[in-house]
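Working through the structure, step by step
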Amino acid sequence: MFKKAKSDKLIYGIVGLGRFGNALAMELAQANADLIVLDENEEKIRELREVTENAYVVKKLDKKTLLETGIQNCDVAIVCIGEQMDTSILTTLNLVSMGIPTVIAKAASAEHGMILEKLGAEVVYPERDMAIRLANRLETSRVLDFVQLSEKINVSKIQVPQKLIDRTVVEINLRQRFGLNIIAVENAGMVMEVVRPDYTFQKNDILFLAGSKGGLHKFNEWSNDKN
């Protein structure tokens, strides 16, 4: 049984080692996070034991079995079961009822997600989110990455448009024009987290912009306009 050690580090529990769950576990392990992982497949658990000693084969995901693993001692539990909706819902309900501070669940559909939210879980849609990111990257060649945090908050990482080079932040005024905030500017591996109003955009700058999807689209259209 997994027991929480005295540490300031968050402890993550992952239930289900499909492609999403396995990738998540490996990324967290590489970040030196404390992990507990559960799956019914012995081979998958054997592979994860190379990165965490808290990897358990569980054939049932009822509350009693979950408690025996010690997953209730986690700070964050992620249910990575999307296809088996009934198992996903029951597991999420059990984890929420254990009092785990944050329970995140993967949803395979909007209806599935609505149920998970009503149970008290944060919901992620990995396939939909990847499609959104890819679509936004394809819309303009300058977009290097895109993350949708909510319906109103999006973060876009873009190469600086030619139209901005040698002009200042206050001159362009992205906030007033498009409702966008500059989170940071990166150039030659150096990241400027506080961007002053008198900063002059330079060639090879990479901008991190936050705002609505509509605002980002308007900015892209404006920056592509030759006039």
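Residues numbered from 1 in each chain as written. Predicted model: local features only at pLDDT ≥ 70, side-chain atom pairs only at ≥ 80, totals over all residues. Heavy atoms only, no water.

Notes on the nonpolar core
What counts is decided by this rule: To define a nonpolar core, start from buried Ala, Val, Leu, Ile, Met, Phe, Trp, Tyr and Cys residues and group those joined through side-chain atoms within 4.5 Å. For each residue, the accessible area found with a 1.4 Å probe, counting protein chains only, is set against the maximum for its type, and the residue is called buried under 20%, exposed over 50%, and partly exposed in between. Helix and strand labels come from DSSP, where a helix needs a run of H or I of at least four residues and a strand needs a run of E of at least two; each type is numbered from the N terminus. Whether two residues are in contact is decided by their heavy atoms, any of which lying within 4.5 Å being enough.
Of all hydrophobic cores here, the largest spans 23 residues; its most connected members are Val 15, Leu 38, Leu 66, Ile 71 and Leu 95. Counting residues per element, the ones that place at least two in this core are strand E1 (11–15), strand E2 (34–39), strand E4 (76–79) and strand E5 (102–106). Discounting residues that sit within four places of it in the chain, Leu 66 has contacts with Leu 38, Leu 61, Ile 71, Gln 72, Thr 91, Asn 94, Leu 95 and Met 98.

Some remarks on the side chain of Lys 106
When you line up the elements, Lys 106 lands in strand E5. Given a relative accessible area of 11%, Lys 106 falls into the buried group.

A few points about the pattern of salt bridges
Note the threshold: Every case where a carboxyl oxygen of Asp or Glu lies within 4 Å of a side-chain nitrogen of Lys or Arg is listed as a salt bridge.
Within the structure shown, the criterion is met by 4 salt bridges. Here Asp 62 ties to Lys 60 by a salt bridge, and the two come within 4.0 Å at their closest N and O atoms.

As for the layout of surface pockets
The condition that has to hold: Detection works on a 1 Å grid of protein atoms alone, calling trapped sets that fit a 1.4 Å probe cavities and calling open sets with protein on both sides within 12 Å along at least five of seven lines pockets, with lining residues defined by an atom within 4 Å of a point. Grid points are joined across faces, edges and corners, and a volume is the space filled by probe spheres set on the points. All amino acids are sorted into three groups, where Ala, Val, Leu, Ile, Met, Phe, Trp, Tyr, Cys and Pro are nonpolar, Asp, Glu, Lys and Arg are charged, and the leftover types, Gly among them, are polar.
Roughly 440 Å³ of volume is contained in the second largest pocket. It is helix H1 (residues 19–30) that contributes the most residues to the lining of the second largest pocket, 3 residues altogether. Looking at the lining of the second largest pocket, its residues break down into 9 nonpolar, 6 polar and 8 charged.

Things to note about the packing of aromatic side chains
To be explicit about the condition: Aromatic rings from Phe, Tyr and Trp, with only the six-membered ring used for Trp, were paired whenever their centres fell within 6.5 Å, and each pair was classed as stacked if the ring planes differed by under 30 degrees, edge-to-face if by over 60, and tilted otherwise.
As enumerated under the stated definition, the model contains 4 aromatic pairs in all. Measuring from centroid to centroid gives 5.6 Å for Phe 178 and Trp 222, while their planes differ by 50°, and the two rings are tilted. Of this pair, Phe 178 sits in helix H8 (residues 174–178) while Trp 222 sits in helix H9 (residues 213–224), placing them 44 residues apart in sequence. Assigned by exposure class, Phe 178 and Trp 222 land together as buried. Through a chain of ring-to-ring contacts, the aromatic side chains of Phe 178, Phe 219 and Trp 222 assemble into a single cluster.

Considering helix H5 (residues 110–118)
Definition in use: The directions considered for the arc are those from the helix axis to the C-beta atoms.
When H5 is considered as a whole, its buried residues turn out to be His 112, Gly 113 and Leu 116. In an axial view of H5, the angular spread of the buried residues amounts to 95°, which keeps them on one side of the axis. Exposed side of H5, more than 90 degrees from the buried face: Glu 111 and Lys 118 are the residues found there. Structurally, H5 contributes buried residues whose contacts are with helix H4 (85–97), E5 and strand E6 (122–124). Of the residues flanking the end of H5, it is Gly 120, one or two places downstream, whose phi is positive at about 105°.

Details of the pairing of E4
Stated precisely, the cut-off is as follows: For two strands to be treated as a pair, DSSP must find at least two bridges joining them. Looking down the strands as they point away from the viewer, one classifies a crossover as right-handed if the path from the first strand across the helix to the second runs clockwise.
In E4, alternate side chains face the same way, and those of Val 76 and Ile 78 on one face and Ala 77 and Val 79 on the other are all buried. Pairing of E1 with E4 involves 4 bridges; the strand directions are parallel. Bridge pairing links Tyr 12 to Val 76 in E4. Bridging between E4 and E5 involves 4 bridges; their strand directions are parallel. Looking at the pairing, Ile 78 lines up with Ile 104 of E5. The parallel pair E4 and E5, bridged by H4, forms a crossover whose chirality is right-handed.

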